[in-house]
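# An overview of the molecular structure
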Amino acid sequence: MKNVLRHYPRYSVQFLYPWDIRQIVRLERKVFLEPMLLAPVVRKYLSPRTRFLVVKDGPLVIAYFGYEVLGAYAHVLANVTHPSYRRQGLAQFVLTHAEPSAAKMGAKAFIGEVRLSNHPQLEVLKTIGWTKVGVINPFFGNGEGAHIVMKVFQ
Ligand SMILES: CC(C)(COP(=O)(O)OP(=O)(O)OC[C@H]1O[C@@H](n2cnc3c(N)ncnc32)[C@H](O)[C@@H]1OP(=O)(O)O)[C@@H](O)C(=O)NCCC(=O)NCCS
């Protein structure tokens, strides 16, 4: 796995600041069939169980990963890489970099749902040790099924 911050030293990584929430909402609308809208993102942002890890290029949010810790599991809300910044290892980076902070909040594993048609995400997860543990069909609002995916922390 590429060390993104070493390859691209101008990128910065941080937890989400409130002034970047609108960028998250814009990316959600751009890439998802069923995006999180502003109010739910704000609600999640304000929840002590939720974190959004963000990578920025200057002021621009170029990747993020949101997760919500529920007992031993950190449930994936979403991870997105800005369309102009793909295939640089950013998804691998945010998903992996978030593990220690989710663990500090009590989680022992990530769990999430990926559309059956979402081959790019399934490929990313395969490269960083996530496993498919089952299928729920249908799962999403439009009737598409989901792979249930997990990463148990080491
Ligand atoms: C899926 C997504 C997050 C991948 O982001 P990314 O930053 O481009 O992924 P990475 O650069 O970390 O990819 C790492 C590896 O995964 C695999 N991969 C990533 N995208 C791929 C694609 N489109 N096709 C095939 N393999 C892919 C490759 O092995 C890649 O390594 P390589 O570039 O050296 O070949 C991005 O395409 C995206 O934002 N999609 C829309 C939102 C989404 O579906 N989110 C996930 C559901 S919550």
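None of the values given here were measured: they were computed from a predicted structure. (Residues numbered from 1 in each chain as written. Predicted model: local features only at pLDDT ≥ 70, side-chain atom pairs only at ≥ 80, totals over all residues. Heavy atoms only, no water.)

### A few points about the site of the ligand
Around the ligand, 19 residues are found, and the nearest of them are Asn79, Thr81, Arg87, Gly89 and Asn118. At 2.7 Å, a backbone N or O of Asn79 approaches a nitrogen atom of the ligand. A distance of 2.8 Å separates an oxygen atom of the ligand from a polar atom in the side chain of Arg87. Taken atom by atom, the bulk of the ligand overlaps the largest pocket. Taken together, the elements giving at least two residues each to the shell around the ligand come down to strand 4 (73-81), helix 4 (90-97) and helix 6 (119-127). Considering each element in turn, the shell around the ligand owes the most residues, five residues, to helix 6. Tallied by class, the residues present in the shell around the ligand amount to eight nonpolar, eight polar and three charged. (Near = heavy atom within 4 Å. Polar contact = N/O pair within 3.5 Å; in protein donor to acceptor, adjacent residues only side chain to side chain. 1 Å grid on protein atoms, 1.4 Å probe; cavity = no way out; pocket = protein on both sides within 12 Å on 5 of 7 lines; lining within 4 Å. Sits in = over half its atoms within 2 Å of the grid points. Helix = DSSP H or I, 4+ residues; strand = E, 2+ residues; numbered from the N terminus. Nonpolar A, V, L, I, M, F, W, Y, C, P; charged D, E, K, R; others polar.)

### Examining the layout of surface pockets
What the largest pocket holds in volume is close to 1,300 Å³. Forming the walls of the largest pocket are 41 residues, and the residues nearest its centre are Phe32, Asn79, Val80, Asn118 and Gln121. For the lining of the largest pocket, the elements supplying multiple residues, two or more each, are helix 2 (21-31), strand 4, helix 4, strand 5 (109-115) and helix 6. With seven residues, strand 4 is the largest single contributor of residues to the lining of the largest pocket. Residues of the lining of the largest pocket, tallied by class, amount to 22 nonpolar, eleven polar and eight charged. (Points joined across faces, edges and corners; volume = space filled by probe spheres on them.)

### What to know about the nonpolar core
With 29 residues, the main nonpolar core has Val55, Phe65, Tyr67, Leu90, Phe110 and Trp130 as its most contacted residues. Elements supplying a minimum of two residues to this core: strand 2 (50-57), strand 3 (60-70), strand 4, helix 4, strand 5 and helix 6. Contact partners of Val55, with chain neighbours within four places excluded, come to Tyr11, Ser12, Val13, Leu60, Val61, Ile62, Ala63, Leu90, Phe93 and Val94. Membership of the second largest hydrophobic core comes to 13 residues, among which are Val25, Met36, Val41 and Phe52. (Core = buried A, V, L, I, M, F, W, Y, C linked by side-chain atoms within 4.5 Å. Buried < 20%, exposed > 50% of the residue type's maximum accessible area, 1.4 Å probe, protein only. Contact = heavy atoms within 4.5 Å.)

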